[in-house]
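# Summary of structural features
Chain by chain, the residues run as shown.
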Amino acid sequence: SLLIANRGEIACRIFASAAKMGIGSVAVYSDIDAHALHTRSADEAVCIGGESAAESYLVADKIIDACKQSGADAVHPGYGFLSEQAEFAERLAKEGITLIGPSADAMRQMGDKITSKKLSSDAGVNTIPGYMGLIEDKEHCVKIAAEIGYPVMIKASAGGGGKGMRIAWNDDEARSGFERSKSEAQSSFGDDRIFVEKFITNPRHIEIQVLADKHGNCIYLGERECSIQRRNQKVVEEAPSPFLDEKTRQAMGEQSVALSRAVHYSSAGTVEFVVDENRNFYFLEMNTRLQVEHPVTELVTGLDLVALQISVAKGGPLGKSQDDVSLCGHAIEARLYAENPSQDFMPATGHVEYLSRPNGVRFDSGVETGSDVSPFYDPMIAKIIASGPDRETARLKLVQALNDTILFGVSTNRQFLIDALNTEVFVSGEATTAFIGETFA
């Protein structure tokens, strides 16, 4: 059976694929999630106690104990929590439990931004100009920034989710940015290593979905455009990108496969790039897990990524070559969050008095009428994904679905999403990562 070391919508999503494959599922839940939808969706549920993630879903010992208690012989980590923890992967291997994901070695190499940048460069992947070593202090940061040329991005090597990142346009900002990034990196990741690279102004954030097995086969499944972001967190994602041409898509895909092969990658993974206005693209990082926005890829390729992950983890071959991959139509995903627009979109907590799901779209959610939005976890209510034969059809369908989504009890970003999808910049497909800051200043 398969234990899902996660919660909410991704746990429910994985349960659905496991059921289609005839695989029994086991949920784990914290004290807060005793009555959550994901807890009731699995064949079996095991309480791991605690309230916060640090007391529950992030405790490897509790996950392994739940496997032993339930008899589960495989774990799917979803995303977040333990999904990219190499130590957790190693612990599972020692216990004889299969991880639905890549090897610990691949996680470790790609999880470190400095190491991954060196590896990508060696594999022939385009990288952003920058200093490949560690920055010693703020004056060293200024020296390196001046050599690269402003603006620069100061980044935590072990960072993620927008933490430990600062843009510097001059020496003073380089000094302050170094100190703030270093402090934030230490408090967020327990790792204060910092590096510096050139900042690409008004870039597109485009990522390539890869899929590899344990037999040396690796393919790419097109791209996702994830440029609409707030605080470096994705808000709207789509596939394919309205900006890429076939030549650039192929080049990005082939480089992503080359990087995956270089680290002997197996499972689903995502190689992220920044792309400038001339379609020059540069490696950003590789996420060694399933992505939140994977449904848009599933809708345009017709593939079940979770099922393929499970098959690969069991040792099966992909059974598909690159020639078998085709993109059909267009899909757009919007993340519906419980947050307060009038208070700088701070997370909103409370009781969901009523939730009515829209028809005609994919609605991935771990929330229902009667659910509680807890301050202990990410406040995402749902991912709403619309697809159609072309981008405009998908866009209009998604706007209608958001209009048809009814929720009482907590504030949401629903109207903000509708407004964003209806802007001229988004409709024309010209949104960059500066979109929200410029359009909704």
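Residues numbered from 1 in each chain as written. Predicted model: local features only at pLDDT ≥ 70, side-chain atom pairs only at ≥ 80, totals over all residues. Heavy atoms only, no water.

## With respect to the layout of surface pockets
Considered as a void within the structure, the second largest pocket measures approximately 160 Å³ in volume. Of all the secondary structure elements, the ones that give two or more residues to the lining of the second largest pocket are β11 (218–230) and α15 (435–439). Taken together, the residues of the lining of the second largest pocket break down into 5 nonpolar, 3 polar and 3 charged. (1 Å grid on protein atoms, 1.4 Å probe; cavity = no way out; pocket = protein on both sides within 12 Å on 5 of 7 lines; lining within 4 Å. Points joined across faces, edges and corners; volume = space filled by probe spheres on them. Helix = DSSP H or I, 4+ residues; strand = E, 2+ residues; numbered from the N terminus. Nonpolar A, V, L, I, M, F, W, Y, C, P; charged D, E, K, R; others polar.)

## Things to note about the packing of helix α7 (residues 138–148) against helix α8 (residues 171–189)
Two quantities define a packed helix pair, namely the angle between the axes and the distance from one axis to the other. Contact pair α7 / α8: the axes reach a minimum separation of 8 Å and the direction vectors enclose 130 degrees. Overall, the two elements α7 and α8 adopt an arrangement that is oblique. The interaxial crossing formed by α7 with α8 has right-handed handedness. Taking contact as the criterion, the partners of Lys-138, Glu-139, Cys-141 and Val-142 in α7 are, on α8, Asp-171, Ala-174, Arg-175, Phe-178 and Glu-179. Of the residues in the contact of α7 with α8, the class split is 4 nonpolar, no polar and 5 charged. (Axes fitted to C-alpha atoms, helices over the stretch in contact; angles between N-to-C directions. Parallel < 35°, antiparallel > 145°, perpendicular 65-115°, else oblique. Left-handed = near helix turned anticlockwise from the far one by under 90°. Contact = heavy atoms within 4.5 Å.)

## Brief notes about the environment of Asn-202
Considering the arrangement of structural elements, one finds Asn-202 in the loop between β9 (194–198) and β10 (204–212). Each C-alpha atom of the pair Asn-202 and Ala-434 lies 5.9 Å from the other, and the pair is 232 residues apart in sequence. Ignoring sequence-local partners within four residues, the contact set of Asn-202 consists of Thr-432, Ala-434 and Glu-438.

## So, a nonpolar patch on the surface
A surface patch of nonpolar side chains, about 300 Å² in accessible area, is lined by Tyr-354, Ile-406 and Phe-408. Structurally, Phe-408 is set in strand β23 (residues 406–408). We classify Phe-408 as exposed; its relative accessible area is 51%. (Patch = residues over 30% accessible without salt bridge, like charges linked within 9 Å, V, L, I, M, F, W, Y side chains within 5 Å. Areas by Shrake-Rupley, 256 points an atom, 1.4 Å probe, with all protein chains shown as cover. Salt bridge = Lys/Arg side-chain N within 4 Å of Asp/Glu carboxyl O. Buried < 20%, exposed > 50% of the residue type's maximum accessible area, 1.4 Å probe, protein only.)

## A short note on the environment of Val-300
Along the chain, Val-300 falls in helix α10 (residues 294–301). In sequence terms Val-300 and Glu-238 are 62 residues apart; their C-alpha atoms lie 9.8 Å from each other. Those residues in contact with Val-300 that lie beyond four places of it in its chain are Ala-239, Ser-326, Leu-327, Cys-328, Gly-329, His-330 and Ala-331.

## Let's talk about helix α5 (residues 104–111)
When we look at burial in α5, the residues that qualify are Ala-104, Ala-106, Met-107, Gln-109 and Met-110. Along its buried surface, α5 packs onto α4 (86–94), β5 (98–99), α6 (113–122), α9 (246–262) and β14 (281–287).

## Section: empty space enclosed by the protein
Counted according to the given criterion, the structure contains 3 cavities of 30 Å³ or more. By volume, the largest cavity is sized at about 90 Å³. Taken together, 15 residues form the lining of the largest cavity, with Glu-225, Ile-228, Glu-238, Phe-426 and Ala-431 sitting closest to its centre. Where the lining of the largest cavity is concerned, the elements lending two or more residues are β11, β12 (233–239) and α14 (424–427).

## Some remarks on the sheet that holds strand β7 (residues 152–156)
In space, the 4 strands of this open sheet follow the order β6-β9-β7-β8, with antiparallel pairing throughout. The strands lining the two open edges of the sheet, one partner per strand, are β6 (130–131) and β8 (165–168). Pairing of β7 with β9, which is carried by 5 bridges, proceeds in the antiparallel orientation. Looking at β9, one finds that Met-153 is bridged to Glu-197. (Pairing = 2+ DSSP bridges.)

## Overview of helix α12 (residues 391–404)
Here α12 contains 14 residues, and its C-alpha end-to-end distance of 20 Å stays within 8% of the 20 Å for a straight helix at 1.5 Å per residue. All of the buried residues along α12 are Arg-391, Ala-394, Arg-395, Leu-398, Val-399, Ala-401 and Leu-402. Angular distribution of buried residues about the axis of α12 spans 160 degrees; they occupy a single face of the element. Where the residues of α12 are buried, they touch β12, β15 (330–337), β22 (380–388), α13 (414–422) and α14. A distance of 3.3 Å separates the backbone nitrogen of Glu-392 from a side-chain oxygen at the start of α12, and that oxygen is part of Asp-390. (Expected span 1.5 Å × (residues − 1). Arc of directions from axis to C-beta. Polar contact = N/O pair within 3.5 Å; in protein donor to acceptor, adjacent residues only side chain to side chain.)

## Quick word on unusual backbone geometry
In this structure, the amide linkage connecting Tyr-150 to the following residue, Pro-151, adopts the cis form with an omega of 0 degrees. You can see Pro-151 is positioned in the loop between α7 and β7. In this structure, Phe-81 is a non-glycine residue whose phi angle is positive, near 45 degrees. Summarising the element assignment, Phe-81 is placed in the loop between β4 (74–76) and α4.

## A few points about the packing of helix α1 (residues 8–20) against helix α11 (residues 305–313)
Close contact between α1 and α11 brings their axes to 9 Å; oriented N to C, the two are set at 65 degrees. As for the relative orientation of α1 and α11, their crossing is right-handed in sense. Within the contact between the two elements, α1 uses Arg-13, Ile-14 and Ser-17 and α11 uses Leu-305, Val-306 and Ala-307. Residue composition of the contact of α1 with α11, grouped by class: 4 nonpolar, 1 polar and 1 charged.

## Thoughts on the state of the cysteines
Throughout the structure, instances matching the rule amount to 0 disulfides. Lacking any disulfide linkage, Cys-12 is separated from the closest cysteine sulfur, that of Cys-47, by 17 Å. You can call Cys-12 buried: its relative accessible area is 15%. (Disulfide = S-S within 2.5 Å.)

## Here we look at the environment of Ser-83
Of note, Ser-83 is situated in the loop between β4 and α4. For Ser-83, a relative accessible area of 3% translates into the label buried. Spatially, the C-alpha atoms of Ser-83 and Leu-290 are 8.6 Å apart, while their sequence positions differ by 207 residues. The residues touching Ser-83, leaving out its near neighbours within four places in the chain, are Pro-77, Gly-78, Met-107, Thr-288 and Arg-289. Side-chain polar atoms of Ser-83 contact the backbone oxygen of Gly-80, separated by 2.8 Å.

## Some thoughts on the pattern of salt bridges
Tallied over the full model, the rule gives 37 salt bridges. Here Glu-184 makes a salt bridge to Arg-166, at a shortest N to O gap of 3.3 Å. In this pair, Glu-184 is assigned in helix α8 and Arg-166 in strand β8, connecting sequence segments 18 residues apart. Residue Arg-166 is classed as buried on the basis of its relative accessible area, which comes to 18%. Where Asp-191 meets Arg-193, a salt bridge forms, and the shortest distance between an N and an O atom there is 2.9 Å. Classification of Arg-193 by relative accessible area gives partly exposed; the value is 29%. Overlapping salt bridges, with partners in common, bring together Glu-207, Arg-224, Lys-234, Glu-237, Glu-272, Glu-293 and Arg-335 in one network.

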